[in-house]
Every structure is written in structure tokens, then in C-alpha cells.
Amino acid sequence: MPSHLARASGSRCLVLLQLARAVRPEHLRQRGPQYPGSFCVAGGTATSGAVVEWLRELVGGTSYEQLAAEAAVVPAGADALVVLPYFAGERTPLFDEKARGLVAGLTLDHGRGHLYRAVLEGTAYAIRHHLDEMSGALTPPQRVIAVGGGARPLWTRIVSDVTGQTQLIPEQTIGASYGDAYLAGLAVGLVDRADDWTRWAARVEPDPSTAAAYHRGYTAYRSLYPATRTIIHDMVNGWRSSSGHTTSTTAPTANGSP
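These numbers were taken from a predicted model, which means no experiment stands behind them.

Analysis parameters
- Residues numbered from 1 in each chain as written.
- Predicted model: local features only at pLDDT ≥ 70, side-chain atom pairs only at ≥ 80, totals over all residues.
- Heavy atoms only, no water.
- Buried < 20%, exposed > 50% of the residue type's maximum accessible area, 1.4 Å probe, protein only.
- Helix = DSSP H or I, 4+ residues; strand = E, 2+ residues; numbered from the N terminus.
- Pairing = 2+ DSSP bridges.
- Right-handed = clockwise from strand over helix to strand, strands pointing away.
- Phe/Tyr/Trp six-rings, centres within 6.5 Å; stacked < 30°, edge-to-face > 60°.
- Lys NZ or Arg CZ within 6 Å of the ring centre and 35° of its normal.
- Axes fitted to C-alpha atoms, helices over the stretch in contact; angles between N-to-C directions.
- Parallel < 35°, antiparallel > 145°, perpendicular 65-115°, else oblique.
- Left-handed = near helix turned anticlockwise from the far one by under 90°.
- Contact = heavy atoms within 4.5 Å.
- Nonpolar A, V, L, I, M, F, W, Y, C, P; charged D, E, K, R; others polar.
- Patch = residues over 30% accessible without salt bridge, like charges linked within 9 Å, V, L, I, M, F, W, Y side chains within 5 Å.
- Areas by Shrake-Rupley, 256 points an atom, 1.4 Å probe, with all protein chains shown as cover.
- Salt bridge = Lys/Arg side-chain N within 4 Å of Asp/Glu carboxyl O.
- Expected span 1.5 Å × (residues − 1).
- Arc of directions from axis to C-beta.

K.L.:
With reference to specific residues and values, describe the pairing of strand 8 (residues 167-170).
P.N.:
Residue alternation in strand 8 divides its side chains into two sets, Gln 167 and Ile 169 and Leu 168 and Pro 170, and both sets are buried. Relative to strand 8, strand 7 (residues 143-148) is paired through two bridges, and the arrangement is parallel. If you follow Val 144 over to strand 8, its bridge partner there is Gln 167. What joins strand 7 to strand 8 is helix 4 (residues 153-163), and the crossover it makes is right-handed. Two elements, strand 8 and strand 9 (residues 200-204), share four bridges in a ladder whose sense is antiparallel. Bridge pairing in strand 9 links Ile 169 to Ala 202.

Rendered as C-alpha cells:
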């Protein structure tokens, strides 16, 4: 069975790699088979579209179309602006409920288009981090499929450029319910396993001209978390202690699901 990777983005993002054998990388999760001979390695971020919506509301509820238009004219790397999108802690591969969002490199020359692009790039760096975790023990996917709200044109373009992966965009991007219907039909014998319900709407190839900028951005992204982790944890612990706050973020411990 060829390996397929799905990027399902909504309020959060799931990265799901379908395989023909059971494998569990150290910092990811293994999900049960959809059908015999099929296994799935999964990772999940605590936020994705939730951060995008937070920023949109912060700048006055500007339309996604307007923000995307402003971000599209900002160069790759958002003029040296990097966002850690850990606004609700982080699930895989960090398993850190005390992780927090971070905007690094902000200057008076940056505008909301820069911030919007940097948020999209931050979510793309998180996806690349998952792919790096998968690459150590797994065969690279033969195709990558994008579904959910993150299948918007600019966002998909940024993910392809950051990860170096070609993405296929189906006509039906509501992936979970569509897949559920397929599996239900398969279970009751109304659908043959050989049937393919997918119809492709677009193919997004990575732009090699952005590779250097995104290499620098991703290097910064991976460096910022360990460099600030102790400081952020001390801040969170101090705030919880002084306020009596005990409610955790949505990110799980190492025993939680992605």
C-alpha cells in the first residue's frame, strides 16, 4: 500500500500518515486501522485556524480575503517575523500544556499583512516539524492531501513552500464527514474498497525560490521554543500561583491524544 499523508486543518491541525505497517514514532501517535492492513501515524497541533481567527478578530474582524491579499504581497519569511502558534499549549510533538504563543522579530515596519502571513507560516512550520518527526522512522508519503479550512489558496501555497511537499486539493474539502460516509458504506457493503471517491480540484507545487527564506524561518522557529521554554514556564507557573488559576490549556500530557 502506498503511503498517503493528509493535512486536515480547522481550529487545530491533524497530520495523518496512512501506512501498510504499524509504526509508532517517539513523539507522535498511532491510531487504529481504518480497515485491515491499514495503519495510521498521527500528530496534532493545539491550534491552527484558531490562531488565524484570533488575529482576524484582533484587527477588527477584517475579512479573510482582505487579510490574505495583504499577506500575499509580503515576501516569504514575513520580513524576518516568526510566530510560534502555541496559543493553547502544544500537543505533538512537544506535549507541553505550558507552551505559549510567541511573536519574534516584530518592528514598527511590520503591518497586519506581515502578522497574518507570519501566523500562516507558523502553522506551516508546525506541520514541517511533524514531517521531520515522521521522516526518521517512516517512508516519505507518495502524496499529500489538504482538507479543511487550511486548504485556502495562500495557506496551502505557504505549507507547500515551507515543507517542500506537493499538495493535492480535492473538490470536497470537508474531509472528516466525507471519509466517515465512505467508511460507513464500506462497512455495510455499499462501497467497494477499490472505489475512489476523490476528485482533484488543484495541485500545489512548492516554489523553490522561497526555500532559503523558509529554511531561515524554520531554523528560527525550531530554536525559539527551547530558547524560551524555561522563561515561559516560569511565567505560567508564577501566574497560576498568584491567581489561583488551575484550568489547563487544551494541550495534553504525553499520555493524551493529538
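K.L.:
Which residues make up the packing of aromatic side chains, and what values do they have?
P.N.:
Scanning the entire structure with this criterion turns up nine aromatic pairs. Taking the centre distance of 6.1 Å and the plane angle of 40° together, the rings of Tyr 125 and Tyr 218 count as tilted. Note that Tyr 125 is positioned in helix 3 (residues 112-135) and Tyr 218 in helix 6 (residues 211-243), a separation of 93 residues in sequence. Pair check on accessibility: Tyr 125 and Tyr 218 agree, each one buried. Centroid distance Tyr 182 to Trp 197: 5.3 Å. Interplanar angle 85°. Geometry classified as edge-to-face. A residue pair is termed long-range when its members are at least 10 positions apart, and Tyr 182 in helix 5 (residues 175-187) and Trp 197 in the loop between helix 5 and strand 9 qualify at 15 residues. Every member of this aromatic cluster is reached through a ring pair, and the members are Tyr 86, Tyr 125, Tyr 214, Tyr 218, Tyr 221 and Tyr 225. Above the face of the Tyr 64 ring, Arg 56 is positioned so that its terminal group lies 4.9 Å from the ring centre. Lying over the aromatic face of Tyr 64, Arg 152 brings its terminal NZ or CZ to 4.4 Å of the ring centre.

K.L.:
So, the packing of helix 3 against helix 4: which residues are in play, and what are the values?
P.N.:
Contact pair helix 3 / helix 4: the axes reach a minimum separation of 9 Å and the direction vectors enclose 45°. It follows that helix 3 is oblique to helix 4 by the angle criterion. The two elements helix 3 and helix 4 cross, and the hand of that crossing is right-handed. Residue-level contacts link Arg 117, Leu 120, Glu 121, Thr 123, Ala 124, Tyr 125, Ile 127, Arg 128 and Leu 131 of helix 3 to Leu 154, Trp 155, Ile 158, Val 159, Val 162 and Thr 163 of helix 4. Here the residues of the contact of helix 3 with helix 4 sort into ten nonpolar, two polar and three charged.

K.L.:
Outline unusual backbone geometry, supporting the account with residue identities and numerical values.
P.N.:
The amide bond that connects Thr 92 to the next residue, Pro 93, takes the cis arrangement and shows omega of -5°. One can find Pro 93 in the loop between strand 5 (82-84) and strand 6 (102-104).

K.L.:
For a nonpolar patch on the surface, give the residues involved together with the corresponding values.
P.N.:
There is a patch of nonpolar side chains on the surface, built from Trp 54, Leu 58 and Phe 87 and spanning about 310 Å² of accessible area. Take Trp 54: it is sitting in helix 1 (residues 49-58).

K.L.:
Please provide a residue-by-residue account of the sheet that holds strand 2 (residues 13-19), values included.
P.N.:
If you trace the seven strands from one edge of the open sheet to the other, you get 3-4-2-1-7-8-9, paired in mixed fashion. In the strand order of this sheet, the two ends are held by strand 3 (29-31) and strand 9, each with one partner. Shown here is a sheet whose adjacent strand axes are inclined to one another by a mean of 25°, direction ignored. In this sheet, strand 2 lies alongside strand 1 (residues 4-9) in antiparallel orientation, the contact comprising six bridges. By the bridge assignment, Ser 9 is partnered in strand 2 with Cys 13.

K.L.:
Any chance you could break down the pattern of salt bridges for me, citing the residues and the numbers?
P.N.:
Applying the stated criterion across every chain, the model contains seven salt bridges. One continuous salt-bridge network, built from bridges that share partners, spans Glu 53, Arg 56 and Glu 57.

K.L.:
Go over helix 5, please, and point to the residues and values.
P.N.:
In a regular helix each residue adds 1.5 Å, so 13 residues correspond to 18 Å; helix 5 covers 18 Å between its end C-alpha atoms and thus fits that length. Among all positions in helix 5, only Tyr 182, Gly 185 and Leu 186 are buried. Each buried residue of helix 5 sits inside an arc of 105° when the element is viewed along its axis, so together they form one side. Those residues of helix 5 that are exposed and aimed more than 90 degrees away from the buried face are Ala 176, Asp 180 and Ala 187. Looking one or two residues past helix 5, Gly 189 carries a phi angle of roughly 85°, positive in sign.

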